[in-house]
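Listed below are the residues making up each chain.
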Amino acid sequence: MSSNKPNMTPENASPQYIPGSAGGENEKKPGVRISSGNRADNSTPGSKILGEPIMEVRGLNLSYSGKQALKNINIAFLKNRITALIGPSGCGKSTLLRCLNRMNDLVDGVEITGETLFGGRNIYQPFIHVSELRKTVGMVFQKSNPFPKSIFENVAYGPRIHGVKNQSDLGGLVERSLKAAALWEEVRDRLHDSALGLSGGQQQRLCIARALAVEPEVLLMDEPCSALDPIATAKIEDLMGDLKDKYTIIIVTHNMQQAARVSDFTGFMLMGELVEFGVTTKLFQNPDDKRTIDYITGRFG
Amino acid sequence: MTGGALAFCLIMVTGLVALIMANGLGFFWPGDIYRFTLKDGREIAGQLVEREQIPGSDTNVPGGLFRIKVKQANRDLYGTDFVWIDESAITKKDKPADAILIHRREWGDFIGVIVEVTDAGKSVAKGPQEGLKFLKSLLPQADATLAAIYAIEKGDIGQINYRQDALRLEIKKLEIKGEGARFKKAGIEAQIAELGKQYAIQSARIDELKKKQTANVKLTAAGGVEKELPLQTVVRVISPNTEGVIGKTLIYMERLWEFLSGDPREANTEGGVFPAIFGTVMLVLIMSVIVTPFGVVAAFYLREYAKQGTLVSIVRIAVNNLAGVPSIVFGVFGVGFFIYFVGGGLDRMFFPERLPAPTFGTGGILWASLTLALLTLPVVIVSTEEGLAQIPKGLREASLALGATKFETTWRVALPAALPSIMTGLILAMARAAGEVAPLMITGVVKLAPALPLDGYWPFVHLERKFMHLGFHIYDVGFQSPNVDAARPMVYTTTLLLLLIVVFLTLGAIMTRNRLRKKFAGSAV
Ligand SMILES: Nc1ncnc2c1ncn2[C@@H]1O[C@H](COP(=O)(O)OP(=O)(O)OP(=O)(O)O)[C@@H](O)[C@H]1O
Ligand SMILES: [Mg+2]
């Protein structure tokens, strides 16, 4: 994707959308209504314009070999915010997430209709370079998957692919990425050891560092803490708070406390539908939908 | 149950190797020379080869039921190298101290007693002891003269022949081109004439050297026959009955070295097998260089790029079945496709001046390697595919999610991860290729190759040349040679060598694979 998107550059966006403030004064730019996705926008009392979306999904349907996995999803992800997706297993959270960087393209027999916009442009249009898109929309997987290479090479992999050759540039980039992923202090003395020798939590943070090294704008995280102990989880949650300043984060999680702790917005999905979407505190304290209530009170799924 | 099967296999394999070793390793050991006096007054001298019960004889009678096989040598005198003697016919058996064994360049070994050594017709040493001492002192000089002659023949004269041939081809080329070349032609002919003069000079040098070869050794063989051997026909003189263990060990080492590094003599039944070792190793290496990229690319295509469907399944089944096709079928394909079609085409295009003598249109190490590569291709494809299938999906996704293209992911993630499997495939391919003989026999192996496929003449690597191969050597020596009895130990020795070479090549590949594995699993830059 080209970096000069019409209205999405961080420079002109950030000053206008101060966290928490409503974006009412901005009429020209398309704001988004945060509401329970499947209902009419104005029927939700909480709906209000909160900021500028960096990614937006409109009327998305997806089926795997004819089996529908996503049904008419409408959602917007705001810049420099953390959006959490929750829902019972198999409801389509990962599928939705993987639509955002077109990882679903790899699956045979997948069929997608509807629009997925990044910076106002549909990323499923034929002229879009998928690799460029994935560079801008990074991803961290549920199961940490470092390459069987050294720590340094893991982080340097992406930049190398994208043409960074100079060794000192790479070194600086690796250091910055590892620092941003709060891993630097732990690995600075063994950058050239195998990444597979790291602990699970360290490996996951390495994967985050690796994703940050290509300098994405959006970071998709699919249950990044599900295999980690509470301390490692806490580290990554702290990390997300720090990363928020620079990146937009979309996280899938099974852990509702986690969603409540880290996210600004939360979407609740059920059987391929986005049942409810809104500000996290509202969704957890005063949900609109009966199914949401059931789920977060543990009566369901 | 499975343990039993495993043990059985192990016993079979060790038994096989032990048999080959027992038969092959003793070949170079200089056995003692015995002299047997028989009841009929005959005298036979030679080395003991084996002892067996006379077929059909009564085992209850003590003594006299066994016979022995003796290598009496002196094929030119007696007609055969070996005789069977009934033990009951022997009246006396002893080890004469003055009996010696001479390895000759022709006619095999000679066993006898030295009478005298002469030089230019004059006697220089008389009697067995004097004679042996003198003979041994003369040998290095004689060897040096021979080496000098050989060097001129192979080196200088070889060079002249090579250049003359090249010039003649040049003329032919000009003739094919037609007019306007007469002037050039005259120049080339002058060059050829000049080379002819040089040739005369070199032959004169050889004649000069040959004049030095004046020494002879006169011996008596068992039975009283006298024989005079020119010194230059003597390779080695051994006095096994007076030689101690250390002396014999030295002789053993010397012969082993000759075997490994020398050229064959006497229709391959004696001397060394170096050209065959060279041919075998080179063949396998060329094969590996060809089969690896093709197999790997094919496997990557099948697994990573081709749309998985019936067609790919059919291709896969076909590839797997290719591994079961008899190797001679590949040989026939090699002859028909590589040699006649590709080779013939190359000849017509690039070497018209040499026709009708073929250059590439005949068997050669390149075509044999290609045929073997085809033969082993399925092994490499299958194991590479297995390796690719084992790569965790997460690794590829990680790479793609970082914005790598499919090709970059294949190149930087899948290929390194699949390397150990590729090496495994290569190891299996090498093991199979090193042992194949049938397809080679029709694609370029010969009994005796005039030159190695690698030498000092431009372009140094001569892939069109015919070559020797240990597997074929075994067949040839063991079953095609005029003197099968004499060659039998050589068969075992060569077999052992072939086994060793396969083991070494495979071990080399396994070590490479282990290094790669470690690199794959451990630290890497
Ligand atoms: N590659 C695929 N091929 C076919 N069906 C798939 C594929 N991936 C997911 N599905 C199906 O799509 C539905 C949604 O799957 P998805 O992985 O998005 O669920 P999820 O919400 O992430 O669940 P979890 O919390 O267990 O990870 C499931 O019914 C699943 O079986
Ligand atoms: Mg999931």
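Scoring rules and cut-offs
Residues numbered from 1 in each chain as written. Chains lettered and ligands numbered in written order. Predicted model: local features only at pLDDT ≥ 70, side-chain atom pairs only at ≥ 80, totals over all residues. Heavy atoms only, no water. Helix = DSSP H or I, 4+ residues; strand = E, 2+ residues; numbered from the N terminus. Buried < 20%, exposed > 50% of the residue type's maximum accessible area, 1.4 Å probe, protein only. Contact = heavy atoms within 4.5 Å. Areas by Shrake-Rupley, 256 points an atom, 1.4 Å probe, with all protein chains shown as cover. Near = heavy atom within 4 Å. Polar contact = N/O pair within 3.5 Å; in protein donor to acceptor, adjacent residues only side chain to side chain. Nonpolar A, V, L, I, M, F, W, Y, C, P; charged D, E, K, R; others polar. Pairing = 2+ DSSP bridges. Axes fitted to C-alpha atoms, helices over the stretch in contact; angles between N-to-C directions. Parallel < 35°, antiparallel > 145°, perpendicular 65-115°, else oblique. Left-handed = near helix turned anticlockwise from the far one by under 90°. Salt bridge = Lys/Arg side-chain N within 4 Å of Asp/Glu carboxyl O. Core = buried A, V, L, I, M, F, W, Y, C linked by side-chain atoms within 4.5 Å. Buried area = accessible area lost by both parts, 1.4 Å probe.

**Q** Explain the overall build of chain B here, please?
**A** Helix and strand counts for chain B come out as 14 helices and 13 strands. Its C-alpha atoms give chain B principal-axis dimensions of about 90 × 85 × 45 Å. Here chain B holds 525 residues, and 45% of them are scored as buried. Within chain B, contacts between residues at least 6 apart in sequence are counted, and of these 68% link residues at least 24 apart. For chain B, the accessible area works out to roughly 26900 Å², and carbon and sulfur atoms hold 65% of it.

**Q** Hey, could you run me through the overall build of chain A in this one?
**A** Helix and strand content of chain A: 11 helices and 10 strands. Here the analysis covers contacts within chain A between residues at least 6 apart in sequence; of these, 66% occur between residues at least 24 apart.

**Q** What am I meant to see in the site of ligand 1 here?
**A** All names here are of chain A. Around ligand 1 lies a shell of 13 residues, among which S89, K93, S94, T95 and H254 are the nearest. For ligand 1, an oxygen atom lies 3.3 Å from a polar atom in the backbone of C91. The side chain of H254 places a nitrogen or oxygen atom 2.6 Å from an oxygen atom of ligand 1. Here ligand 1, which alone exposes 630 Å², has 63% of that area covered by the protein. Listed by contribution, the elements that provide at least two residues to the shell around ligand 1 are strand 2 (67-78) and helix 2 (93-100). Broken down by element, the shell around ligand 1 gets its largest block of residues, three residues, from helix 2. Across the shell around ligand 1, the residue classes tally to four nonpolar, six polar and three charged.

**Q** Is there a simple way to think about the sheet that holds strand 4 (residues 110-118) of chain A in this case?
**A** Within a sheet, each strand pairs with its neighbour through backbone hydrogen bonds, oriented either parallel or antiparallel. All names here are of chain A. Ordered by their spatial adjacency, four strands build an open sheet running 2-1-4-5, and the pairing between neighbours is antiparallel. Since the sheet does not close on itself, it has two edges, and those belong to strand 2 and strand 5 (121-122), each with one partner. By the bridge criterion, eight bridges tie strand 1 (residues 53-64) to strand 4 in an arrangement that is antiparallel. Following the sheet pairing, Y64 is matched in strand 4 by V110. This element, helix 2, spans strand 1, strand 2 and strand 4 of the sheet and lies at about 120° to strand 1.

**Q** Please explain the packing of helix 5 (residues 167-180) of chain A against helix 7 (residues 200-213) of chain A as it appears in this structure.
**A** Two quantities define a packed helix pair, namely the angle between the axes and the distance from one axis to the other. Residues and elements named next belong to chain A. Where helix 5 contacts helix 7, the axes come no closer than 8 Å and their chain directions differ by 130°. If you check the angle between helix 5 and helix 7, you find them oblique. Our pair here, helix 5 against helix 7, has a crossing hand that is right-handed. Judged by residue contacts, L173, S177, L178 and A180 of helix 5 engage L206, A209, L212 and A213 from helix 7. Here the residues of the contact of helix 5 with helix 7 sort into seven nonpolar, one polar and no charged.

**Q** Mind showing me how you'd approach unusual backbone geometry here?
**A** Note: most residues except glycine have negative phi, and most peptide bonds are trans. Residues and elements named next belong to chain A. If you check the backbone angles, R102 has positive phi at about 60° while not being a glycine. Residue position: R102 is located in the loop between helix 2 and strand 4. On the basis of relative accessible area, R102 is assigned to the buried category, the value being 12%. With phi around 55°, A182 is a residue other than glycine that occupies positive phi space. Summarising the element assignment, A182 is placed in the loop between helix 5 and helix 6 (184-187).

**Q** I tried to follow the sheet that holds strand 2 (residues 43-53) of chain B on my own but got confused; where do I start?
**A** All names here are of chain B. With antiparallel pairing, the five strands of this open sheet are ordered in space as 4-3-2-1-5. Two strands in the sheet have a free side with no partner beyond their single neighbour: strand 4 (82-86) and strand 5 (90-94). Direction aside, the axes of adjacent strands within the sheet are offset by 45° on average. One ladder, built from six bridges, connects strand 2 with strand 3 (residues 66-71); its direction is antiparallel. Among the inter-strand pairings, Q53 is bridged to a residue of strand 3, identified as F66.

**Q** Hey, could you run me through the pattern of salt bridges in this one?
**A** Side chains that differ in charge, positive against negative, can pair when their charged atoms come close. All names here are of chain A. All told, the structure shown has 39 salt bridges over all chains when counted by the stated rule. We note a salt bridge from R188 to E185, for which the minimum N-O separation is 3.5 Å. You can call R188 partly exposed: its relative accessible area is 42%. Taking the relative accessible area as the measure of exposure, E185 reaches 58% and is therefore exposed. Taking the shortest distance from any N to any O, the salt bridge between D288 and K282 comes out at 3.1 Å. When its relative accessible area of 30% is taken as the criterion, D288 is described as partly exposed.

**Q** What should I look at first to understand the nonpolar core in this one?
**A** One recurring pattern in soluble globular proteins is that nonpolar side chains are buried together. Among the nonpolar cores identified, the biggest contains 62 residues, and V273(B), M287(B) and L470(B) are the most heavily contacted of them. Broken down by secondary-structure element, the contributors of at least two residues to this core are helix 5 (245-261), helix 6 (274-305), helix 7 (310-322), helix 8 (327-350), helix 9 (365-390), helix 11 (406-435), helix 13 (470-480) and helix 14 (484-521) of chain B. Beyond its immediate chain neighbours, meaning those up to four positions away, V273(B) contacts F259(B), G262(B), L470(B), H473(B), M490(B), T494(B) and L497(B). Formed by 45 residues, the second largest nonpolar core is a distinct cluster that contains V174(A), A181(A), W184(A) and I208(A).

**Q** Where do I start with the interface of chain A and chain B in this structure?
**A** Reports of interface size often rely on the accessible area that becomes lost once the parts have come together. Listed by partner, the interface residues are 30 residues for chain A and 22 residues for chain B. The largest contributions to the chain A side of the interface with chain B come from P148(A), Y157(A) and I161(A), which together make up 27% of the buried area. For the interface between chain A and chain B, the tally reads one salt bridge. A salt bridge links R98(A) to E397(B); the shortest N-O distance between them is 3.1 Å. In this structure, the connection of chain A to chain B is made through five residue pairs in polar contact (both at pLDDT 80 or more).

Read these as geometric descriptors, not functional statements.
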